[in-house]
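# Overview (structure and organization)
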Amino acid sequence: MSESRWHEATFLGGGGNRPCLDIVYPDGQVSRLLDLSPGQSVYTMDRRPEDDSLALGTRAGQIMVISDPRLGDGARIDTLVQGAPVLSCCWTGDGQLVASDLAGRVLLWKLDDPSNPMFLDAGKEVICALCMIEKDMVAGLSVAGSISLWRLNSSRPASCLASQPPPCKFALVKLEYLASRGELVHPGRDGELISLQLDGDSPRRLNAHSEDFYAFSLGEDGPVTAGLGDRTLKVWPSPMEGAAAEYALSQGLIQLVRFPDHPGLMAAIAEDGSANLLEINGGQLSFHGIGSTGSYRYATQVMSPSQLLSAKRQKAGQAAADLEAALCQDDAAAVDTCHQRLAKLGFEHVALAARSAWHLKQGEYLPALRHSARLMDILPKKDTRSFQSMQRHADLLVRYGLFDGAMKLYDQMETLDSTFNNPLGELKNTRDRLVDLEIIVDTGIALDEIIQAHTILDSSFQGTYILSKQDPYRCPKLPCHNGELADQLNRELASAGRAFQAHAAAVKSVMLSCNSLKIEEVIKLESPSDNHIPICFGLLISTTMSHTNVTPMVLMSWLGGQGYRENNRDALGYLEHLRSQDTHLDYLDFAYRIAMDFVRRMATEAQTTTAAAI
């Protein structure tokens, strides 16, 4: 038996002439753990959450508590006498065991005092299935269709829920609890799958099969059910609404259990007691035989959910440490391998967060954004544990001028933590009254990188950005407003007598950067061409009591449209053409020379006028 594969496996409980306990692995390998005495057909099993103990409930009315099934015949076995065929057994969070039998008894066993079990009041109804809800609460489904909830400090039920009666082969009925939805699920009669929320009013009834069935398996991605009479396997969406994917079976099934860490792979027990592996891959169902001909009745995962999670966390911790080491060594192949290990364990978010944080620390912002974007797709936004990753992603969005997306994340963070100081609070408070103003984004980052960031986020690059700007030209205070300057500049442009034409206009804009928001009036010199030219020359003019600062800028306004990949590819191509000295660059040279000559002349005139006045 492979110790390292123990967590992946499934127990099979046998009956008939040779009762037994077997273990089956995802590759179909089967190992015999225990041979049981005649009459000890296994009706039910449950794994103790705290350790390796396994409880077997048998047809002979006994409960066998096996200290560690891995030891096989060497394991210590304690026998509890229930007194009638055991229909279901269930460990509690504090190590006690609840069991129900065909005579209608529900007993709470304390292993340190096995001679004095507590009788739990089931209202004279036979409880055919049990499951743990909380550490100190157990649910029991009666053959009449009621569900009792016992707090283990009292023999009387804390409450009773109205559900639907299960099918008539009571020893085959299972009751399962989906903790993420607070929902109990069990088969009903006439092919129905019943789900009942603990705080709900009435059960939901899903018409799963045409006749009674018993085999089902829950999962966050939806339940799988298998018919006994109609011989079909159905995969349902989550929640249990809409059409199911349906597959034909060669015989009906009585038990169905998923293998941990192997999506689509299940151990199935057929109505004749044979066991097979079923695998759904690419929409196709395949059957794999196992190396055993036992007559099986019951199947369950080797590890309890809490044990499985603990084992996964331990393995994930080691994989995360290996990932950090691989990142430090710049070993790309090892990094990818560790990432895949974490993803297989269900901890891909750990890999993505680590890789994003590492690249950010190295100043590699695009790789950091790529991993952060994938992380945002899988993280729950309402979980406080997501806060740090959300802030890292929002800060990256701000870096690339993607303020709308960043603002949504910051808003969600404010909901999670009322003390959080929103870095875009000023923009949030003023954006409504600025809706009619053009936004000019000034990130100080190359536009090529900004466009690549849009592609990583599956979005189209668009808007007005500062492509480049020079240091401010400081001069004496100019004597007129920007609108008058634009009019005079237009007269200057008209007399230039060149092939290039441009029109100047003073435009009130919002200058938006990573850490500031300012309303400015920019003089833009745009080509009057009928065809849109993405670039233009601009002058940012700010005046104080004593002087004027003039900042020459090149602006790029991209309209977007079409598919984001094609759009962003075209934007990158346009930037490359600019660097190749095409006509638009000649236009910028012309606009710059005319505009700056005009500004210098206006500054000289202003200085002369001031000197004359003195």
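Small disclaimer: the values here were computed from a predicted structure and weren't measured.

Criteria and cut-off values
- Numbering of residues begins from 1 in every chain and follows the order in which that chain's sequence is written.
- A pLDDT threshold of at least 70 governs which residues receive local features in this predicted model, and a stricter bar of 80 or more applies before side-chain atom pairs are shown or counted, although totals over entire chains, interfaces and linings include all residues.
- Side-chain metrics in this entry use all non-hydrogen atoms of the structure; hydrogen atoms and water are not considered.
- All axes are obtained by fitting lines to C-alpha atoms, using only the stretch in contact for helices, and the reported angles, taken between N-to-C directions, cover 0 to 180 degrees.
- The helix count covers DSSP runs of H or I at least four residues long, the strand count covers runs of E at least two residues long, and both are numbered beginning at the N terminus.
- Throughout this description, any angle smaller than 35 degrees is read as roughly parallel, any larger than 145 degrees as roughly antiparallel, any in the 65 to 115 degree range as roughly perpendicular, and the remainder as oblique.
- Crossing handedness is defined as follows: a turn of the near helix away from the far one that is anticlockwise and smaller than a right angle gives a left-handed crossing, while the clockwise case is right-handed.
- Here a residue-residue contact requires only that any non-hydrogen atoms of the pair lie within 4.5 Å.
- All amino acids are sorted into three groups, where Ala, Val, Leu, Ile, Met, Phe, Trp, Tyr, Cys and Pro are nonpolar, Asp, Glu, Lys and Arg are charged, and the leftover types, Gly among them, are polar.
- Strands pair, by our definition, only if DSSP identifies at least two bridges between them.
- A helix is expected to span 1.5 Å multiplied by its residue count minus one.
- Think of it in three bands: residues with accessible area under 20% of the maximum for their type are buried, residues over 50% are exposed, and the middle band is partly exposed, with areas taken using a 1.4 Å probe on protein chains only.
- Residues grouped as a nonpolar core are buried Ala, Val, Leu, Ile, Met, Phe, Trp, Tyr and Cys residues, joined through side-chain atoms within 4.5 Å.
- A pairing counts as a salt bridge when a side-chain nitrogen of Lys or Arg comes within 4 Å of a carboxyl oxygen of Asp or Glu.
- In the analysis that follows, any N or O atom pair within 3.5 Å is treated as a polar contact, provided that within protein one partner can donate a hydrogen and the other can accept it, and provided that, for residues neighboring in sequence, both atoms belong to side chains.
- Ring geometry is summarised as follows: Phe, Tyr and Trp rings, the Trp one being its six-membered ring, pair when their centres sit within 6.5 Å, and such pairs are stacked at plane angles under 30 degrees, edge-to-face over 60 and tilted between the two.
- Both a distance and an angle decide whether a charge sits over a ring: NZ of Lys or CZ of Arg must be within 6 Å of the ring centre and within 35 degrees of the ring normal.
- Note on terminology: disulfide denotes any pair of cysteine sulfur atoms within 2.5 Å.

As a packed pair, helix α3 (residues 348-361) and helix α4 (residues 365-378) sit with axes 8 Å apart at the nearest point and diverge in direction by 155°. Here α4 runs roughly antiparallel to α3, going by the angle between their axes. Our pair here, α3 against α4, has a crossing hand that is left-handed. Contacts between α3 and α4 involve E348, H349, L352, A353, R355, S356, H359 and L360 from the former and Y365, P367, A368, H371, S372, R374, L375 and I378 from the latter. Of the residues contributing to the contact of α3 with α4, the split by class is eight nonpolar, five polar and three charged.

Moving on, we get to the sheet that holds strand β16 (residues 176-178). Strand order across the open sheet formed by four strands is β16-β17-β18-β19, with antiparallel pairing between neighbours. With partners counted over all chains shown, the strands left at the sheet margins are β16 and β19 (204-207), one partner each. Looking at each pair of strands side by side, their axes are set apart by 25° on average, direction ignored. Bridge count between β16 and strand β17 (residues 183-187): three bridges; the pairing is antiparallel. The residue bridging E176 from the neighbouring strand is V185, located in β17.

The end-to-end C-alpha distance of α3, which contains 14 residues, comes to 20 Å, matching closely the 20 Å that a straight helix rising 1.5 Å per residue would cover. Residues A351, L352, A353, A354, R355, S356, W358 and H359 constitute the buried set of α3. After α3 finishes, the residue G363 shows a positive phi value of roughly 75°.

Turning to the nonpolar core, a few remarks are in order. One finds F461, L489, I523, L525 and L539 to be the most contacted residues of the largest nonpolar core, which totals 80 residues. Top element by residues in this core is helix α11 (residues 583-613). It accounts for twelve residues. Excluding residues within four positions of it along the chain, L539 makes contact with E521, V522, I523, V550, T551, P552, M553, A595, M596 and V599.

Attention now moves to the side chain of S88. Topologically, S88 is positioned in strand β8 (residues 86-91). Taking the relative accessible area as the measure of exposure, S88 reaches 6% and is therefore buried.

Once that is clear, we can look at the pattern of salt bridges. Following the criterion strictly, the structure yields 25 salt bridges and no others. A salt bridge links E438 to K524; the shortest N-O distance between them is 3.2 Å. With a gap of 86 residues between them, E438 in strand β29 (residues 438-442) and K524 in strand β33 (residues 517-526) connect regions that are remote in the sequence. Overall, E438 belongs to the partly exposed group, its relative accessible area being 24%. Using a relative accessible area of 5% as the deciding quantity, one classes K524 as buried.

Bringing the pairing of strand β5 (residues 54-58) into the picture now. In terms of burial, β5 is largely enclosed, as five of its five residues are buried. Both faces of β5 are covered, namely the face carrying L54, L56 and T58 and the face carrying A55 and G57. Examined bridge by bridge, strand β4 (residues 42-47) and β5 share five bridges and lie antiparallel to one another. Paired with R47 across the two strands is L54, which belongs to β5. Between β4 and β5, which pair antiparallel one after the other, the connecting turn spans six residues. Two successive antiparallel strands, β5 and strand β6 (residues 62-66), enclose a turn made up of three residues, where G61 displays a positive phi of approximately 85°.

A few words on the side chain of D383. Tracing the chain through its elements places D383 in the loop between α4 and α5 (387-399). In terms of polar contacts, D383 uses its side chain to reach the side chain of R385, at 2.7 Å.

Across all of its chains, the model carries five aromatic pairs by this definition. Seen from their ring centres, W558 and Y574 are 6.0 Å apart, and the 45° between their planes marks the pair as tilted. One end of the pair, W558, is in strand β35 (residues 547-558); the other, Y574, is in helix α10 (residues 564-579), and 16 residues separate them in sequence. You'll find W558 and Y574 in the same group, each marked buried. Within the aromatic cluster, the residues linked to one another by ring pairs are F387, Y410 and F420. Geometry around Y298 places K174 over its ring, the cationic atom sitting 4.7 Å from the centre.

A word on the state of the cysteines. Note: disulfide means a covalent bond formed between the sulfur atoms of two cysteine side chains. Under the defined criterion, the tally for this structure stands at zero disulfides. Distance from the sulfur of C338, which forms no disulfide, to the nearest cysteine sulfur (C328) is 12 Å. Looking at C338, the relative accessible area reads 5%, which means it is buried. Note on C480: no disulfide assigned, nearest cysteine sulfur contributed by C475 at a separation of 11 Å.

The pairing of strands in a sheet comes from backbone hydrogen bonds and takes either a parallel or an antiparallel form. One open sheet accounts for four strands, arranged β4-β5-β6-β7; its pairing is antiparallel. With partners counted over all chains shown, the strands left at the sheet margins are β4 and β7 (77-81), one partner each. With direction set aside, neighbouring strand axes in the sheet form an average angle of 20°.

As a further point, take the packing of α5 against helix α6 (residues 403-416). Between α5 and α6, the shortest axis-to-axis distance is 8 Å and the interhelical angle comes to 155°. By the angle between their axes, α5 is roughly antiparallel relative to α6. Pair α5 / α6 crosses with left-handed handedness. For the pair formed by α5 and α6, the contact residues are F387, M390, Q391, H393, A394, D395, L397 and V398 on the first element and F403, G405, A406, L409, Y410, Q412, M413 and L416 on the second. Residue classes in the contact of α5 with α6 are distributed as eleven nonpolar, four polar and one charged.

With that out of the way, let us pick up unusual backbone geometry. Among all residues save glycine, negative phi is the norm, and among peptide bonds the norm is trans. Of note in this structure, K124 is not a glycine but carries a positive phi near 60°. Residue placement: K124 occurs in the loop between β11 (118-119) and β12 (127-134).

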